[in-house]
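Each chain is listed here by its residues.
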Amino acid sequence: MIKRLWAKLGLSSSPTAASLSTDNIPVHVAIIMDGNGRWARKRGLPRVAGHHSGMKTVKRITIAADRLGIKYLTMYAFSTENWKRPKAEVEFLMKLPQQFIEIELDELIANNVQVRMMGSRDNLPPHTLSALEEAITKTAGNTGLILNFALNYGSRMEMVNAIRDMASDVKTGVLSIDDIDEEAMSSRLLSSGLPDPDLLIRTSGELRLSNFMLWQLAYSELWFTDVYWPEFSEKHFYEAIGQYQRRARRYGGL
Ligand code: FPP
């Protein structure tokens, strides 16, 4: 395999897909897509225009991730705390999965992408849920990139539910206290079956996790950028992956 060919030839120092090493591509990339509102405000537009533009970035980065050979891409689309936003904004956000699926489903299928959802189905409007279910069902057999939408997702809620589940299993004798370990916990999380993210990207300059995958990110590499999500491009994505490739992951060892 030709590695870092462009870089070796000195053709470009700006991040491109070809400047990345092919043997150290993160398996799972998780993204906190932030800054839609500020992006819109900067342009004198309503906040929802930022979310709409952010939806286009979802497509752009999905294609880029797929081409790089990333296996899992998890995108934080709506948190359990986002219900606190004005009703009109929540309604708009709840229409985006449906819009995205209407526009993109055929192409996702053609590209062998599998759509998944990680979050509580409770309280989701029927149109949001049915669009997602349609995409999940129609792509279930696909073997390419797994595009995992974190929707109505909250990490603390997820962990509380997992602990409740273990307590209930102990009570009924299915699980012994000695069997409670990291694997028992991981297998009860909404991300069960997915490896932990190798890389977390957060846009917009905010330096926090916002109740996102707190358990799963224990040893992930974190990468932050000031760029707002609607203007996050392939170039920024390659920059994040390039930085990831230059880091030494020690998992607490030497
Ligand atoms: C945070 O930015 C962003 C969100 C709460 C929504 C993210 C959703 C998308 C990018 C579109 C999702 C698309 C699909 C297909 C599900 P913010 O509004 O908090 O921005 P701000 O911090 O600048 O106000």
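Anything mentioned here points back to the structure above.
Right, let's walk through the structure included here. Source: prediction; values computed, not measured.

1. Overview of the layout of surface pockets
Item 1. Size it by volume and the largest pocket reaches roughly 750 Å³.
Item 2. Where the lining of the largest pocket is concerned, the elements lending two or more residues are helix 2 (36–42), helix 3 (47–68), strand 2 (72–79), helix 4 (87–110) and strand 4 (146–153).
Item 3. The class makeup of the residues in the lining of the largest pocket is 16 nonpolar, 8 polar and 10 charged.
Item 4. Estimates place the volume of the second largest pocket at around 160 Å³.
Item 5. Taken together, Lys 59, Thr 62, Ile 63, Asp 66, Arg 67, Phe 100, Glu 104, Glu 107, Leu 108, Asn 111 and Val 113 make up the lining of the second largest pocket.
Item 6. Mapped by element, the contributors of at least two residues to the lining of the second largest pocket are helix 3 and helix 4.
Item 7. Along the lines of polarity and charge, the residues of the lining of the second largest pocket split into 4 nonpolar, 2 polar and 5 charged.

2. Remarks on the sheet that holds strand 2
Item 1. Strand order in the open sheet made by the 6 strands is 3-4-2-1-5-6, with parallel pairing throughout. Among the strands making up the open sheet, the edge pair consists of strand 3 (114–118) and strand 6 (221–224). Pairs of neighbouring strands in the sheet enclose a mean axial angle of 20 degrees, with direction left out of account.
Item 2. Relative to strand 4, strand 2 runs parallel, the two sharing 7 bridges. Its bridge partner lying in strand 4, Tyr 76 is registered against Ala 150.
Item 3. Helix-sheet contacts for helix 3 involve strand 1 (28–32), strand 2 and strand 4, and the interaxial angle to strand 2 is about 160 degrees.

3. Some thoughts on the pattern of salt bridges
Item 1. Applying the stated criterion across every chain yields a total of 18 salt bridges.
Item 2. Its salt-bridge partner being Lys 42, residue Glu 231 comes within 3.9 Å of it at the nearest N-O pair. One end of the pair, Glu 231, is in the loop between strand 6 and helix 8 (234–246); the other, Lys 42, is in helix 2, and 189 residues separate them in sequence.
Item 3. Under the relative-accessibility criterion, Glu 231 is labelled partly exposed at 29%.
Item 4. The exposure class assigned to Lys 42 is exposed, which follows from its relative accessible area of 55%.
Item 5. For Glu 104, the salt bridge is made with Lys 59, and the minimal N-O distance between the two is 3.3 Å.

4. Focus: unusual backbone geometry
Item 1. A positive phi angle is found at Ser 210, which is not glycine, with a value near 50 degrees.
Item 2. Residue classification places Ser 210 among the partly exposed positions, given a relative accessible area of 30%.
Item 3. Residues other than glycine seldom take positive phi values, yet Asn 211 does so here, at roughly 60 degrees.
Item 4. Looking at where Asn 211 falls in the secondary structure, it is placed in the loop between strand 5 (199–202) and strand 6.

5. A short note on the site of the ligand
Item 1. The ligand sits among 17 residues. The nearest are Gly 37, Arg 38, Arg 47, His 51 and Arg 85.
Item 2. Interatomic distance of 3.2 Å between a backbone N/O atom of Asn 36 and an oxygen atom of the ligand.
Item 3. Arg 47 is positioned such that a nitrogen or oxygen atom in its side chain is 2.8 Å from an oxygen atom of the ligand.
Item 4. Expressed as a share of its isolated accessible area of 630 Å², the protein-covered part of the ligand is 91%.

Conventions and cut-offs
- Residues numbered from 1 in each chain as written.
- Predicted model: local features only at pLDDT ≥ 70, side-chain atom pairs only at ≥ 80, totals over all residues.
- Heavy atoms only, no water.
- 1 Å grid on protein atoms, 1.4 Å probe; cavity = no way out; pocket = protein on both sides within 12 Å on 5 of 7 lines; lining within 4 Å.
- Points joined across faces, edges and corners; volume = space filled by probe spheres on them.
- Helix = DSSP H or I, 4+ residues; strand = E, 2+ residues; numbered from the N terminus.
- Nonpolar A, V, L, I, M, F, W, Y, C, P; charged D, E, K, R; others polar.
- Pairing = 2+ DSSP bridges.
- Axes fitted to C-alpha atoms, helices over the stretch in contact; angles between N-to-C directions.
- Contact = heavy atoms within 4.5 Å.
- Salt bridge = Lys/Arg side-chain N within 4 Å of Asp/Glu carboxyl O.
- Buried < 20%, exposed > 50% of the residue type's maximum accessible area, 1.4 Å probe, protein only.
- Near = heavy atom within 4 Å.
- Polar contact = N/O pair within 3.5 Å; in protein donor to acceptor, adjacent residues only side chain to side chain.
- Areas by Shrake-Rupley, 256 points an atom, 1.4 Å probe, with all protein chains shown as cover.

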